[in-house]
Amino acid sequence: MAEPAFNPTNLFDLESLKSRLMGDEELVAQVLEACVPDINANFRDFALAIQSGEVETATVRIHAMKGASQNADLVAVSELTQQIESSLRAGDTEFARQSVERLEELVGQTIGEVRRYLNN
């Protein structure tokens, strides 16, 4: 499978998250604070699973990352995890293996943005 075009327009859609949570800043912070450790743990487990050929575990972990990132409007992570999950479910593990570094980079950048927001 050829690598799909991936060009996120932003990492984190704060306005969308605020809108869905009816402008409740406290709830926005709670959602973001809850998603950071979840995404980190699921990324670590996904990377280990895909590296060791545990496709079912990798699929479960990437699905969990996708859900957490969608809940918090972490757009770039959500888009890439969706592509990875689709490729795994189609039996293509190569795209997932090739995407680990890019996903790690996006997770780091996104968490940095979330932490900057939370610290303001």
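Remember, it's a predicted structure, so these values are computed and weren't measured experimentally. (Residues numbered from 1 in each chain as written. Predicted model: local features only at pLDDT ≥ 70, side-chain atom pairs only at ≥ 80, totals over all residues. Heavy atoms only, no water.)

Considering the overall build of the protein
So, step 1. Within the protein, the regular secondary structure consists of five helices and zero strands.
So, step 2. Mapped from its N terminus to its C terminus, the protein presents α and β elements in the order α-α-α-α-α.
So, step 3. Viewed in the frame of its principal axes, the protein has a C-alpha envelope of about 40 × 25 × 20 Å.
So, step 4. A sequence separation of at least 24 residues applies to 68% of the contacts in the protein between residues at least 6 apart.
So, step 5. When the accessible area of the protein is evaluated, it comes to approximately 6,600 Å², of which 47% is carbon and sulfur surface.
So, step 6. Distance between charge centres in the protein, computed from 10 positive and 20 negative side chains, equals 2 Å. (Helix = DSSP H or I, 4+ residues; strand = E, 2+ residues; numbered from the N terminus. Contact = heavy atoms within 4.5 Å. Areas by Shrake-Rupley, 256 points an atom, 1.4 Å probe, with all protein chains shown as cover. Lys, Arg positive; Asp, Glu negative; His and termini not counted. Charge placed at Lys NZ, Arg CZ, Asp CG, Glu CD.)

What to know about the environment of R115
So, step 1. Mapped onto the secondary structure, R115 falls in helix 5 (residues 93-119).
So, step 2. You can call R115 partly exposed: its relative accessible area is 46%.
So, step 3. Each C-alpha atom of the pair R115 and V36 lies 8.9 Å from the other, and the pair is 79 residues apart in sequence.
So, step 4. Residues within four places of R115 in sequence aside, it is in contact with V36 and N40. (Buried < 20%, exposed > 50% of the residue type's maximum accessible area, 1.4 Å probe, protein only.)

Section: the nonpolar core
So, step 1. Within the largest apolar cluster, 34 residues are counted, with the highest numbers of intra-cluster contacts made by F46, I84 and L103.
So, step 2. Put simply, the parts of the chain that give this core at least two residues each are helix 1 (14-20), helix 2 (25-51), helix 3 (55-71), helix 4 (75-89) and helix 5.
So, step 3. With 10 residues, helix 2 is the single largest residue contributor to this core.
So, step 4. Here I84 is in contact with F46, I62, F95, A96, S99 and L103, once residues within four sequence places are set aside. (Core = buried A, V, L, I, M, F, W, Y, C linked by side-chain atoms within 4.5 Å.)

A few points about the packing of helix 3 against helix 4
Helix packing geometry: the angle between the two helix axes and the distance between the axes.
So, step 1. Running from amino to carboxyl end, helix 3 crosses helix 4 at an angle of 150°, the nearest separation of the two axes being 9 Å. One element, helix 3, and the other, helix 4, form an angle in the roughly antiparallel class. The handedness of the crossing between helix 3 and helix 4 is left-handed. Here helix 3 contributes V55, A58, T59, I62, H63, M65, K66, S69 and Q70 to the contact with helix 4, which in turn contributes V77, S78, T81, Q82, I84, E85, L88 and R89.
So, step 2. When the residues that make up the contact of helix 3 with helix 4 are grouped by side-chain class, the tally is seven nonpolar, seven polar and three charged. (Axes fitted to C-alpha atoms, helices over the stretch in contact; angles between N-to-C directions. Parallel < 35°, antiparallel > 145°, perpendicular 65-115°, else oblique. Left-handed = near helix turned anticlockwise from the far one by under 90°. Nonpolar A, V, L, I, M, F, W, Y, C, P; charged D, E, K, R; others polar.)

Looking at helix 2
So, step 1. Given a rise of 1.5 Å per residue, 27 residues ought to cover 39 Å, and the 39 Å separating the end C-alpha atoms of helix 2 matches this to within 8%.
So, step 2. Every buried residue belonging to helix 2 is among V28, A29, L32, C35, V36, I39, N42, F43, F46, A47, A49 and I50, and all of these are buried.
So, step 3. Positive phi appears at G53, one or two residues downstream of helix 2, with a value of about 80°. (Expected span 1.5 Å × (residues − 1).)

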